[in-house]
Amino acid sequence: IKIAIINGIGTGIGDSVIGLRALQLFHIEISKYFKEVTLDLYQTPYNVNINRKKLYHQEKIINSNITLPLTLEKIYEYDCISDFSSMIMRDNFPTQNMIDFFLENMSIDPTAIEDKDKRNFIKLNEKIITTQQLKFAALEHDKRPILLLHPRASVTLRTMPDMHIKNVIE
């Protein structure tokens, strides 16, 4: 099956990481029914960003990442078109956590996926991994709990209010 996904996995890098995990889970689910699955990701020029392109490029389930527009002639090459445009206008956007929101919009029941399988997985280069491992080892040595948090999001609705940020970042 050949599927075109239009604006499917967010505009910000955080949304893209979460959306990419949802897309990986979508690929796993659809692969149960089809021997070969081709996913092409189409995005508006606004959503095309060099960091996201790098992130998508290293994900093997994405056949190609293409900037819109998508011509009518090209549409006929696909078995299925999934258009996730205007996601923030959907009723479930402000009420669900992001991974469940993406899964539901990809026709996957979020409760059918175990929480441990919803965790984000991104590939990092070796230099970054080594540096981060040293930082985590130092934190673990201090026996302090580790919480990774970024208080800002691409959408105001999902951004931590400024009055709380100063209390969180220490």
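Summary of the structure given here. Everything numeric here is computed off the predicted structure, so don't read it as measured data. (Residues numbered from 1 in each chain as written. Predicted model: local features only at pLDDT ≥ 70, side-chain atom pairs only at ≥ 80, totals over all residues. Heavy atoms only, no water.)

Things to note about the overall build of the protein
(1) Moving on: In terms of regular secondary structure, the protein is built from six helices and four strands.
(2) Moving on: Ordered by position in the sequence, the α and β elements of the protein form the string β-α-β-α-β-α-β-α-α-α.
(3) Moving on: Going through the 170 residues of the protein one by one, you find that 36% of them count as buried.
(4) Moving on: Of the roughly 11400 Å² of accessible surface on the protein, a fraction of 56% belongs to carbon and sulfur atoms. (Helix = DSSP H or I, 4+ residues; strand = E, 2+ residues; numbered from the N terminus. Buried < 20%, exposed > 50% of the residue type's maximum accessible area, 1.4 Å probe, protein only. Areas by Shrake-Rupley, 256 points an atom, 1.4 Å probe, with all protein chains shown as cover.)

Comments concerning a nonpolar patch on the surface
(1) Moving on: A contiguous nonpolar patch, built from L139, I146 and L148 and spanning about 270 Å² of accessible area, is present on the exposed surface.
(2) Moving on: Its location among the elements puts I146 in the loop between α5 (126-141) and α6 (162-168).
(3) Moving on: Owing to a relative accessible area of 37%, I146 belongs among the partly exposed residues under this scheme. (Patch = residues over 30% accessible without salt bridge, like charges linked within 9 Å, V, L, I, M, F, W, Y side chains within 5 Å. Salt bridge = Lys/Arg side-chain N within 4 Å of Asp/Glu carboxyl O.)

Details of helix α1 (residues 13-30)
(1) Moving on: Taking 1.5 Å per residue as the helical rise, α1 with its 18 residues ought to reach 26 Å, and the 25 Å between its terminal C-alpha atoms agrees with that figure.
(2) Moving on: In terms of residue burial, α1 counts as a mostly covered element, since 13 of its 18 residues are buried. (Expected span 1.5 Å × (residues − 1).)

Points about the nonpolar core
Within soluble globular proteins, side chains that are nonpolar tend to cluster in buried spots.
(1) Moving on: If you look at the biggest cluster of nonpolar residues, it comprises 28 residues, and the most contacted ones within it are I5, L23, F26 and L39.
(2) Moving on: When contributions to this core are tallied by element, the ones reaching two or more residues are β1 (2-6), α1, β2 (38-43), α2 (50-57) and α4 (98-105).
(3) Moving on: When residues in this core are grouped by element, the largest group, seven residues, is from α1.
(4) Moving on: The residues touching L39, leaving out its near neighbours within four places in the chain, are I3, I5, L23, F26, H27, I61, I62, N63 and S64.
(5) Moving on: Ranked by size, the runner-up nonpolar core spans six residues in total, among them Y42, L68, L70 and Y78. (Core = buried A, V, L, I, M, F, W, Y, C linked by side-chain atoms within 4.5 Å. Contact = heavy atoms within 4.5 Å.)

Some words on α5
(1) Moving on: With 16 residues, α5 should cover 22 Å at 1.5 Å per step; its first-to-last C-alpha distance of 22 Å lies within 8% of that length.
(2) Moving on: In the stretch just after α5, K143 is the one whose phi turns positive, near 60°.

Notes on the sheet that holds strand β4 (residues 80-83)
(1) Moving on: The strand order across the open sheet formed by four strands is β3-β2-β1-β4, and the pairing between neighbours is parallel. The open sheet is flanked by β3 (62-67) and β4, the only strands paired with a single partner. Across this sheet, the average inter-strand angle for adjacent strands is 20°, counted without regard to direction.
(2) Moving on: Against the sheet, α1 contacts β1, β2 and β3, and its axis sits at roughly 160° relative to β1. (Pairing = 2+ DSSP bridges. Axes fitted to C-alpha atoms, helices over the stretch in contact; angles between N-to-C directions.)

Description of the packing of aromatic side chains
(1) Moving on: One pass over the structure, following the stated rule, counts two aromatic pairs.
(2) Moving on: Relative to Y78, the ring of Y42 has its centre 6.0 Å away and its plane inclined at 85°; by these criteria the two rings are edge-to-face. Linking Y42 in strand β2 with Y78 in the loop between α3 (72-75) and β4, this pair joins segments that are 36 residues apart in sequence.
(3) Moving on: Given a relative accessible area of 8%, Y78 falls into the buried group.
(4) Moving on: Centroid distance F101 to F102: 5.9 Å. Interplanar angle 65°. Geometry classified as edge-to-face.
(5) Moving on: Judged by relative accessible area, F102 falls into the buried class, the value being 1%. (Phe/Tyr/Trp six-rings, centres within 6.5 Å; stacked < 30°, edge-to-face > 60°.)

Scope: geometric values only; no functional claims are made or implied.
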